[in-house]
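Below, each chain spelled out in residue letters.
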Amino acid sequence: MRLRPLLAVIIFITFSCKKSENKPENKRDPEILITELTTSLSSADSISDFTSALKNVNLSNEETAEGITVFAPLDDLDNVSNTFNKFQTSKGSPEATTMETETPAGFSDAVIRDHVVKGVYKLADLTDGKMLTGLNGKQLRISRIGDNLWINNIAIGGKEIVSNTNQVVYVVKVSLENTSAVIARRFTEMEYPIALAEIKTSLSDWHEKLVVLDALISHDVELESIPQSYRNVYRDIDNFRFDASHQAILNVWREGYNTITRVNAVEAKLPELLSDSREKHAQLKAMRAYVYLQLLTYYENIPLKTSNAVPWVESNTNRPAVFRYITEQLQSAARSITENTSDRTLINKTSIKILQAKAALLEKDYQKVLDFTNQVINSNKYALEAPDQIFSTNREMIWEDSAEKSTNIKSYFWNRDKLPYLRLTEVYLMNIEANLALQNPVAAQATYSVLMQRKGIQAPDVNMNILRETWTSEMEREGSLFPNLLRWGTAADMLAPKGFIESKHRRLPIPQAERELNRNLVQNTLY
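Please read these numbers as outputs of a predicted model, since none were measured by experiment. (Residues numbered from 1 in each chain as written. Predicted model: local features only at pLDDT ≥ 70, side-chain atom pairs only at ≥ 80, totals over all residues. Heavy atoms only, no water.)

Asks: Would you take a moment to explain the side chain of H207 for this structure?
Replies: Checked against the element boundaries, H207 lands in helix α7 (residues 191–217). For H207, the contacting residues outside a window of four places in its chain are Y290, D401, L419, P420 and Y421. (Helix = DSSP H or I, 4+ residues; strand = E, 2+ residues; numbered from the N terminus. Contact = heavy atoms within 4.5 Å.)

Next up, the structure:
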């Protein structure tokens, strides 16, 4: 495949353009302009089909009198790679679309002219909603959210690859031939709650699958103790005989990213004038960050799905960037979200603090864990409940799963109606661990004593062994044990008899079915 890094291409083109800018700026003769442009683009193998066809297009003096702007598509889908993504910073298309079809290898004169516009439009000129017209009359609509750009719902690379007073060139992901300038319609006040409910349902379904997988891989439950219909799906998870083709591992990955895709699409269609728009945006950011955090926890090496375009090409080789994205999204959401405690199915400011604590715990940043959990505990907005009342009241629930529970998941969770995402007990447990790790035994004991008082028992002197036992019993079947075992360093001792090999099984495999769809996904070690 003839693909050179676009960064090198841009450097070359920039140098070429600087030389060409020494020529008189008023030379917009069609033949001269096209010759200079195609010469500048000659090193860009990834758009060579378009460049070759551009050489043969016949433009008039009237068409080039004001200069031209060109939107050059990549040659084919194989060229849609990380080199494009360096300059395409989109965080979700403004409209879920299936228009992105394969660019034809040959370009007719008419198709070429659809990609060329009269006038020189620099990046700052491409404002949201701006309408352009191709030389052949094709209507082209710019969509813009921040620095993210689309033309007729096709992603534009994040910068000009040629830019002077006579011509500007952008790279677009695929041909504009079969696209239209249909306005990406935004949600109305009545439509947004429907879309949010769909996200909640998707999140709930995914959460249930992850909870059961965690319980089996950590031996929080045994396979024969869960509903029969689950056993076939999760068989071989508990004895570590799974590989990258296991259906349960694919389900957790795929449904997690499907939820992220839903959030991306809804966020892009959320109008700024919608009531409580900042709050709604913050809700979406926080939910997406939560899904990413959980996927990162179990798979470790995951990609950021920054666009809903097909095919999906993002790589999973930059874990620090993913973690940074999660923390930035949570920080951004925290600035806009309110402390709503009446609807426990929505993320609020307290929920975000807990997610920030969980992110810090994953990295063993115990000072941050302590800071965030202290804020939650000291706020007194929630209260520990008696053991037999925890799941029948809302006092301890901070973020609840709103979906009605299926018979299977209710059976798994002792016929309870609630399987919460976040509750106060976990905050206390994180706080105790952070105090122990930071050698604050008095503070750890004080927090532990409060936790035990709700059971009506005298708290023993707390240490890590007692904390581990308490955490396992308090949060049984709630989907957090496996990462705890890894963090505590006890996974090997506890799970080795079941087939656990820490160097391999400390992370789940990247599903093979997803790797076949996205060749940039790298498999985790030893799978």
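Additional details are given in the paragraphs that follow.
Asks: Just checking my understanding: could you explain the pairing of strand β5 (residues 148–151) for this structure?
Replies: Looking down a regular strand, the side chains alternate between one sheet face and the other. What you see with β5 is no split at all: N148 and W150 on one side and L149 and I151 on the other are buried throughout. In this sheet, strand β6 (residues 154–155) lies alongside β5 in antiparallel orientation, the contact comprising 2 bridges. Across the sheet, I151 pairs through a bridge with I154, a residue of β6. With antiparallel pairing between neighbouring strands as the criterion, β5 and β6 make up a hairpin whose turn holds 2 residues, including N152 at a positive phi of roughly 50°. (Buried < 20%, exposed > 50% of the residue type's maximum accessible area, 1.4 Å probe, protein only. Pairing = 2+ DSSP bridges.)

Asks: Where do I start with the packing of aromatic side chains in this structure?
Replies: The geometry of an aromatic ring pair comes down to the distance between the two centres and the angle between the two planes. For the structure on display, the rule yields 18 aromatic pairs. An angle of 80° between the planes, with centres 5.1 Å apart, marks the rings of W253 and Y299 as edge-to-face. Of this pair, W253 sits in helix α9 (residues 247–268) while Y299 sits in helix α10 (residues 277–299); the two residues are 46 residues apart in sequence, bridging distant segments of the chain. In terms of burial, W253 and Y299 fall into one category: buried. (Phe/Tyr/Trp six-rings, centres within 6.5 Å; stacked < 30°, edge-to-face > 60°.)

Asks: I would appreciate a short explanation of the pairing of strand β8 (residues 167–172) in the present structure.
Replies: Most of β8 sits inside the fold, with 6 of its 6 residues counted as buried. What you see with β8 is no split at all: Q167, V169 and V171 on one side and V168, Y170 and V172 on the other are buried throughout. In this structure, strand β1 (residues 68–73) lies alongside β8, joined through 6 bridges in parallel fashion. When the bridges of β8 are listed, V70 appears paired with V169. Once strand β7 (residues 162–163) ends, the chain turns through 3 residues before running back antiparallel as β8.

Asks: In this structure, what is going on with the packing of helix α15 (residues 424–437) against helix α16 (residues 441–453)? I would like to understand it.
Replies: When two helices pack together, their arrangement is given by the angle between the helix axes and by the axis-to-axis distance. Following both chains from N to C, one finds α15 and α16 inclined at 160°, their axes separated by 8 Å at the closest point. Put simply, α15 runs roughly antiparallel to α16. The two elements α15 and α16 meet at a crossing, and its hand is left-handed. Listed contacts from α16 to T425, Y428, L429, N431, I432, N435 and L436 of α15 are A443, A444, T447, Y448, V450 and L451. (Axes fitted to C-alpha atoms, helices over the stretch in contact; angles between N-to-C directions. Parallel < 35°, antiparallel > 145°, perpendicular 65-115°, else oblique. Left-handed = near helix turned anticlockwise from the far one by under 90°.)

Asks: Even after reading the chapter, I still don't get the layout of surface pockets, so can you show me in this structure?
Replies: The probe, sized like a water molecule, is rolled over the atoms to show the empty space still left. Considered as a void within the structure, the largest pocket measures approximately 550 Å³ in volume. Along the wall of the largest pocket there are 32 residues; nearest its centre are T297, L362, P483, N484 and R487. Going through the elements one at a time, α7, α10, α12 (349–362), β10 (422–423), α15 and α18 (481–488) are the ones with two or more residues in the lining of the largest pocket. The residue makeup of the lining of the largest pocket, split by class, is 16 nonpolar, 6 polar and 10 charged. (1 Å grid on protein atoms, 1.4 Å probe; cavity = no way out; pocket = protein on both sides within 12 Å on 5 of 7 lines; lining within 4 Å. Points joined across faces, edges and corners; volume = space filled by probe spheres on them. Nonpolar A, V, L, I, M, F, W, Y, C, P; charged D, E, K, R; others polar.)

Asks: In this structure, what is going on with unusual backbone geometry? I would like to understand it.
Replies: With the exception of glycine, the majority of residues adopt a negative phi angle, and the majority of peptide bonds are in the trans configuration. Despite not being glycine, H219 has its phi angle at roughly 60°, a positive value. Among the structural elements, H219 can be located in the loop between α7 and α8 (228–234). By relative accessible area, which is 16% here, H219 ends up buried. Phi is positive for L526, close to 75°, though the residue is something other than glycine. For L526, the position within the fold is in the segment after α21 (512–517).

Asks: Sorry if this is basic, but what is going on with the pattern of salt bridges here?
Replies: Side-chain pairs of opposite charge can arise where the charged atoms are in close proximity. On inspection of all chains with the given rule, the structure shows 23 salt bridges. In this structure, R231 and E224 form a salt bridge, with 3.4 Å as the shortest nitrogen-oxygen distance. Judged by its relative accessible area of 17%, R231 falls in the buried class. Owing to a relative accessible area of 51%, E224 belongs among the exposed residues under this scheme. Across the salt bridge formed by E396 and R423, the nearest N and O atoms sit 2.6 Å from each other. (Salt bridge = Lys/Arg side-chain N within 4 Å of Asp/Glu carboxyl O.)

Asks: Teacher, can you tell me more about helix α13 (residues 366–379) here?
Replies: Since the α-helix turns once every 3.6 residues, residues separated by three or four places project in the same direction. Between its first and last C-alpha atoms α13 spans 20 Å; for 14 residues at 1.5 Å apiece the expected length is 20 Å, and the two agree. For α13, every residue scored as buried is listed here: Y366, V369, L370, F372, T373, V376 and I377. Looking at the packing, one finds that the buried side of α13 touches α12, α15, α16 and α18. The positive-phi residue at the C-terminal boundary of α13 is N380, with phi of around 60°. (Expected span 1.5 Å × (residues − 1).)

Asks: For this particular structure, what's the right way to read the environment of L223?
Replies: Along the chain, L223 turns up in the loop between α7 and α8. What L223 contacts, discounting residues up to four positions off in sequence, is L216, R231, Y234, R235 and D238.

Asks: Would you take a moment to explain empty space enclosed by the protein for this structure?
Replies: Applying the stated criterion across every chain yields a total of 2 cavities of 30 Å³ or more. A volume near 40 Å³ is recorded for the second largest cavity.

Asks: Whenever I open this one, the sheet that holds strand β2 (residues 116–118) confuses me. Can you help?
Replies: Backbone hydrogen bonds hold the strands of a sheet together, and the pairing may be parallel or antiparallel. With mixed pairing, 4 strands are arranged side by side in an open sheet as β2-β1-β8-β7. Each edge of the sheet is formed by a strand with only one pairing partner; in this case those strands are β2 and β7. Here β1 pairs with β2 via 3 bridges, running antiparallel. Note on β2: the bridge partner recorded for I68 is K118.

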